[in-house]
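# Topology and contacts: notes
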Number of protein chains: 2
Amino acid sequence: MRLSTKGRYGVLAMVELALHYGQGPISIKEISEKHNFSDSYMEQLFSALKNAGLVRSQRGAHGGYLLSRDPSDINVGDIIRALEGPIEVAECANKNENYECIKSLDCLTRGLWEDIRDSINNVIDHRSLRDLMENKSLER
Amino acid sequence: MRLSTKGRYGVLAMVELALHYGQGPISIKEISEKHNFSDSYMEQLFSALKNAGLVRSQRGAHGGYLLSRDPSDINVGDIIRALEGPIEVAECANKNENYECIKSLDCLTRGLWEDIRDSINNVIDHRSLRDLMENKSLER
DNA sequence: CTATAACCCAGCGGAATACTGGGAAATACA
DNA sequence: TGTATTTCCCAGTATTCCGCTGGGTTATAG
């Protein structure tokens, strides 16, 4: 039950961009050197983040990446889903109502997987990059 | 962010035992045939469940496994942790306070991983086998 | 023109996951 | 007493996925 490095590196990198927000682009090299990530691996993550519309890029010398909107407007869920796809604790939990296990015993556990998924989503969808910058926890 | 088959098969198998509670042992064969699991794989899971004290076994003909206590007294968290170890979303989230990342930027994300972990544990620790049998959701 | 960056794509090594197989020891029942 | 049935135990294996490497191309600043 672990997040892959994609999610972890990705969130970390995005926090980095957030801390620089409004101060021009940061290059992949800067980020990966700071955190000891592999350059080309980071590149792939940023490619996905860009496709998801979370960052903008600037090519060429002095180029790099920038957040595409305010840190308070990007939440961790956006980042993780861009990099890892939707949260899916067990296969069946994301299927539609007609999925075969609906009639079998499997269904006794299905609600459980859905609840776990929902609780994860609930955390990551209510935490913005700005919250992380300010080291804020979710008030509960 | 997926549970392994260990966790999924394991919970399912335990629900099966729960449905039979008080009616003698069920063999691995019965369970694995019903759900199309591999016999020997199931065997390994039950070995772990037994070590964790969640089931008792009865060897020989007409033997099998039984819950070691009432279904309402075994929760999903017990089962998943017995089979997969403790929930650990990111490495650092389960380290102690002195872990090195405490001073680095990593810490801005650490609370996040901990919150995700806690929210998962919160779900699985408040759902008993009896709840599953009765298809009860967590009231929220 | 040159250095520096993003971009793009293909492949690969290693670890973990999911599973197989064989042979023991215990128990029920004939 | 013997046989079928079951747990028990351990070792190996197939496969998948994760994390990463490497090659080259295109854009931009100075």
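Residues numbered from 1 in each chain as written. Chains lettered and ligands numbered in written order. Predicted model: local features only at pLDDT ≥ 70, side-chain atom pairs only at ≥ 80, totals over all residues. Heavy atoms only, no water.

## What to know about the protein's contact with DNA strand D
Here is the rule we go by: When at least one non-hydrogen atom of a residue lies within 4 Å of a molecule or strand, that residue is treated as near it. We call two N or O atoms a polar contact when they sit within 3.5 Å, provided that within protein one can donate a hydrogen and the other can accept it, with sequence-adjacent residues counted only if both atoms are side-chain atoms. We call Asp, Glu, Lys and Arg charged. Ala, Val, Leu, Ile, Met, Phe, Trp, Tyr, Cys and Pro are nonpolar, and the rest, Gly among them, are polar.
Taken together, 24 residues form the shell around DNA strand D, and within it A:Arg59, B:Glu43, B:Lys50, B:Ser57 and B:Tyr65 come nearest. The sugar-phosphate share of atoms of DNA strand D within 4 Å of the protein amounts to 61%. Take A:Thr5: an N or O atom from its side chain is 2.9 Å from a phosphate oxygen of DNA strand D. Between A:Gln44 and DNA strand D, the recorded distance is 2.8 Å, taken from a side-chain N or O atom to a base oxygen. Looking at side-chain class alone, the surface near DNA strand D contains six nonpolar, 14 polar and four charged residues.

## Examining the environment of B:Ser27
All names here are of chain B. Stated formally: Helix and strand definitions follow DSSP, with helices as H or I runs of at least four residues and strands as E runs of at least two, each counted in order from the N terminus. Accessible area is worked out with a 1.4 Å probe on protein chains only. A residue is then buried under 20% of its type maximum, exposed over 50%, and partly exposed in between. Only heavy atoms matter for contacts: two residues are in contact if any of them lie within 4.5 Å across the pair.
Within the element layout of this structure, Ser27 appears in the loop between helix H1 (5-19) and helix H2 (28-35). What makes Ser27 partly exposed here is its relative accessible area of 22%. Not counting residues up to four positions away in its chain, the partners in contact with Ser27 are Gly63 and Gly64.

## Overview of the pattern of salt bridges
Residues and elements named next belong to chain A. Applied cut-off: By convention in these notes, a salt bridge is any Lys or Arg side-chain nitrogen within 4 Å of a carboxyl oxygen on Asp or Glu.
What the rule picks out here adds up to 18 salt bridges over all chains. With a shortest N-O distance of 3.4 Å, Arg69 and Asp73 are connected by a salt bridge. Here Arg69 falls in the partly exposed class, since its relative accessible area comes to 28%. The exposure class of Asp73 is partly exposed, given its relative accessible area of 48%. Here the salt bridges share partners, and the residues they tie into one network are Arg69, Asp73 and Asp78.

## Section: the nonpolar core
The tendency in soluble globular proteins is for nonpolar side chains to be buried side by side. Put simply, the rule reads: The criterion is simple. A nonpolar core is a set of buried Ala, Val, Leu, Ile, Met, Phe, Trp, Tyr and Cys residues joined through side-chain atoms within 4.5 Å.
Core analysis: the biggest nonpolar cluster contains 76 residues, and A:Met14, A:Phe46, A:Ile116, A:Ile120, B:Met14, B:Phe46 and B:Ile116 have the highest contact counts within it. In contact with A:Ile116, other than residues within four places in its own chain, are A:Met1, A:Val89, B:Ile120, B:Val123 and B:Ile124.

## Things to note about the protein's contact with DNA strand C
Every one of the 23 residues lining DNA strand C counts as a neighbour, but A:Ile28, A:Lys50, A:Ser57, A:Tyr65 and B:Gln44 are closest to it. The sugar-phosphate share of atoms of DNA strand C within 4 Å of the protein amounts to 62%. With respect to DNA strand C, the side chain of A:Lys50 contributes an N or O atom lying 2.6 Å from a phosphate oxygen. For DNA strand C, a base oxygen lies 3.1 Å from a polar atom in the backbone of A:Ala61. Sorting the residues of the surface near DNA strand C by element identifies helix H3 (39-51), strand E1 (55-58) and strand E2 (64-67) of chain A together with H1 and helix H3 (39-51) of chain B as the ones contributing at least two each.

No statement about biological role is implied by the geometric values presented.
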